[in-house]
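Structure assessment
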Amino acid sequence: WGGPPPRHFLLEWMSFGHRYVPAGLLDVLPPRINERAPSFYGRSDLETMLGSPDAGDWVKLSEMLLGPVPTYFKFTPKHKANASDAVVAEG
């Protein structure tokens, strides 16, 4: 059950959710358009990976939940925020 469809859905959801910044992390409210969140360091490595902008970290998280990534699997986020560079994460 950790094949490409559930893994791809999880990774797309993480890339979509990463665009939104929790209000508690912002210095000034209300937020301005295109304002980036400050650097975030979690209480543990896992929490830091959950807040990471790197698609490779998202693939590692999906491996923790769904098992190893197939060798042919590649992930490119559809949702790009703040003119991010093209990122391809491979399994």
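In the block above lies the structure referred to throughout.
These notes cover the structure that comes with them. What you see is a predicted model; the values in this text were computed from it and never measured.

1. Some thoughts on the side chain of Arg7
Tracing the backbone through its elements, the reader meets Arg7 in helix α1 (residues 4–17). Buried charge Arg7 goes without a salt bridge, the closest partner of opposite sign being Glu63 at 5.9 Å. At a separation of 2.9 Å, a polar atom in the side chain of Arg7 contacts the side chain of Ser62.

2. Topic: the pattern of salt bridges
With the rule as written, the count across this model stands at 2 salt bridges. Salt-bridge contacts for Lys60 lead to Asp57; the nearest nitrogen and oxygen are separated by 3.9 Å. Here Asp57 and Lys60 lie together in helix α3 (residues 55–66), a separation of 3 residues that amounts to about one turn.

3. Considering the side chain of Ser15
By secondary structure assignment, the location of Ser15 is in helix α1. Judged by its relative accessible area of 2%, Ser15 falls in the buried class.

The rules we used
- Residues numbered from 1 in each chain as written.
- Predicted model: local features only at pLDDT ≥ 70, side-chain atom pairs only at ≥ 80, totals over all residues.
- Heavy atoms only, no water.
- Helix = DSSP H or I, 4+ residues; strand = E, 2+ residues; numbered from the N terminus.
- Buried < 20%, exposed > 50% of the residue type's maximum accessible area, 1.4 Å probe, protein only.
- Lys, Arg positive; Asp, Glu negative; His and termini not counted.
- Salt bridge = Lys/Arg side-chain N within 4 Å of Asp/Glu carboxyl O.
- Polar contact = N/O pair within 3.5 Å; in protein donor to acceptor, adjacent residues only side chain to side chain.

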